[in-house]
Amino acid sequence: MTAVQVVFVLLSLVAVVSALLVVTTPHLVHSALWLVVTLGAIAGVFLVLAAEFVAWVQVLIYVGAVVVLLLFALMLTRAPTGPQPDLTVRRWAPAAFVALLVAVLLGATLVAGFQDVRLDLDQAVVGSAEVTGETVFRRWVLPFEVLSVLLLAALVGAIVLSRLRSEDGDD
Amino acid sequence: MSETLETVLRLAGVLVAFLLVPLLVGQVEHKAMAHMQGRVGPMYAGAFHGWAQLVADGVKFVQKEDVVPAAADRMVFKIAPAVALVPYLVAMLVIPIGPGLVGQDLDVGLFFVIAVMGVGVVGSLMGGWSSANKFSLLGGIRVAAQLMAYELPFVLAAASVAMAAGTLSLTGIVEAWNPWWLLWQAIAAVVFFVSGLAEVQRPPFDMPVADAEIVFGPYTEYGGLRFALFILAEYAGIVVLSALTAVLFLGGWRGPFEDQLGWLWTLLKTMAVAFVVIWVRVAYPRLREDQLQRLAWQGLVPLALLQLAITAVGAVMTA
């Protein structure tokens, strides 16, 4: 194994172990913090695969915004220090089953789609912003636009829903 | 071998800058604030105008007992200051102070700095939650709300410069810079600076630590060295913000004799911006929490979007 492969395996191990800790820890906030480790390790994996831009997007969006939002929501609602034994509920078995199913589905898709693709790290094009931009705005522009409409619809929907409730409450 | 040596030298340079410049800014804050308020500030430590005051403070912090509240989540409480501080050290790696004078020149440097700066906030949140103290928790909530409100205009303003320069590389942005950008990117510069102030929680955006309301916010339970690390993170944040503002909007090392004195120009511009950060602290009272949110969503975000439109028109016309 080359040094890059060793780093890749180590980062993957960190990601998997911390992901397991996310779902098994009895501390609610620890779950969110382990998620930081998982997402950071995945960003590292992206870096090793020469997808530099995607790696930093991962850090900016997921660690910098999504996890902060999660922690914000936890602090606003219920986040005692100390373990909460009622976090693990009886539904864990079906949840684990669904998770396994998703993993198999995604894994099969990846293997089917990229089975013969080999990344030559010596000559790999570093996934800079330029390469990513070219791909997204030329080849994949239609899915990109569809996604943006979907996000916009969700955004408008969220605003409408929150306005409805506040009018009921205040007036 | 010489390549390894060069890397080590660059890293050592960044580390020295990381340890020295925040202290310099802290000392300038002591003295500048004092003179603006008609007093002299520290005068005794180190004999000459109290230059060693922060060194004495550091020695004091190290000697203090390391207290962890009984109800606190020990592990999270202990690592929170490191999580708050380290991102700024990493961010300094990619900020260039001269052509080639940079820890590590990244192709997506601007993106990297912004991504990494957002991580530091997780440290404040960890501290706020794990202290098991209602003031800390309230402070933590304010930190999160503030970050979410100001991250958007911050990124949009930075995106405007990237659009104008046509690159995300910090070195490339300085090379593409033109004096008339001072006018073209003026709105972005103001939006970037103001939301950056909010992001490093400096007055008038220091609601998370508002001492008259919630003691010291997320850092209430901290003492000794860990408290000092949080304070150091604040000053390192000022340095990173000032250096970024200088590099993105004020032309970095561009200026007379830039071939010989480029690094000096970057440092001078950075210190000038840092001085404004201190000045603003003395000049403006703290905003209320709702005023803070209104300023971000109704003031800075529309301004940033307007600037993006102006930049787009300019970029198309000059292209």
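Cut-offs applied
Within any chain, residue numbers begin from 1 and follow the written order of that chain's sequence. As a convention, the first chain written is A and the first ligand written is 1, with the rest following in written order. Where local features are concerned, this predicted model is filtered to residues with pLDDT of at least 70; where side-chain atom pairs are given and counted, the filter is 80 or more; whole-chain, interface and lining totals use all residues. To qualify as a helix, a DSSP run of H or I must reach at least 4 residues; to qualify as a strand, a run of E must reach at least 2; elements of each kind are numbered from the N terminus. Burial in this document is a count-based property: other C-beta atoms within 10 Å of a residue's C-beta are tallied, and the residue is buried at 20 or more, exposed at 12 or fewer, or partly exposed in between, with C-beta positions derived from the backbone. The contact criterion used is a C-beta to C-beta distance within 7 Å, with each C-beta placed from the backbone. UniProt positions are given in the numbering used here, feature names are shortened, and annotations may be inferred rather than shown by experiment. Basically, the charged four are Asp, Glu, Lys and Arg, the nonpolar ten are Ala, Val, Leu, Ile, Met, Phe, Trp, Tyr, Cys and Pro, and anything else, Gly included, counts as polar.

Caption draft 1: Structural context of the overall build of chain B. On a plain count of helices and strands, chain B comes out with twelve helices and zero strands. When the elements of chain B are put in sequence order from the N terminus, they spell out α-α-α-α-α-α-α-α-α-α-α-α. Each of the three principal axes of chain B carries a C-alpha extent, and together these read 60 × 50 × 45 Å. A burial count over chain B gives 50% of its 319 residues as buried. Sequence separation of at least 24 residues holds for 77% of the intrachain contacts in chain B that already meet a minimum separation of 6.

Caption draft 2: The overall build of chain A, seen in detail. Secondary structure assignment for chain A yields six helices and zero strands. Overall, chain A shows an N-to-C arrangement of helices and strands of α-α-α-α-α-α. Taking the contacts inside chain A whose residues are at least 6 apart along the sequence as the reference set, 64% of them involve residues at least 24 apart.

Caption draft 3: Structural context of the UniProt feature "transmembrane region" (unreviewed entry) in chain A. Mapped onto this numbering, the UniProt entry gives "transmembrane region" (unreviewed entry) at residues 6-25, 32-53, 59-80, 92-114 and 140-161 of chain A. Between the end C-alpha atoms of residues 140-161 of chain A the distance is 32 Å, and the span holds 95% helix and 0% strand.

Caption draft 4: Molecular detail of the interface of chain A and chain B. Contact with chain A, which involves 22 residues of that partner, is made by 29 residues of chain B. Listed by contribution, the elements that provide at least two residues to the side of chain A that touches chain B are helix 2 (28-48) and helix 3 (52-76) of chain A. In terms of residues, the side of chain A that touches chain B owes the most to one element, helix 3 of chain A, which gives 15 residues. Residues belonging to the side of chain A that touches chain B are distributed by class as follows: 18 nonpolar, three polar and one charged.

Caption draft 5: Here's a closer look at unusual backbone geometry. All names here are of chain B. The omega angle of the peptide bond from P203 to P204 is 5°, so this bond is cis rather than trans. Tracing the sequence through the fold places P204 in the loop between helix 8 (186-199) and helix 9 (211-214). A positive phi angle, close to 60°, is found at V215, a residue other than glycine. Under the C-beta neighbour-count criterion, V215 is labelled partly exposed, with 17 such atoms within 10 Å.

Caption draft 6: Structural detail: the environment of B:M75. Residues and elements named next belong to chain B. Assignment of secondary structure puts M75 in helix 3 (residues 74-92). Residue class for M75 comes out partly exposed when judged on the 14 C-beta atoms lying within 10 Å of it. Taking the C-alpha atoms as reference points, M75 and V102, 27 residues apart in sequence, are found 35 Å from one another.

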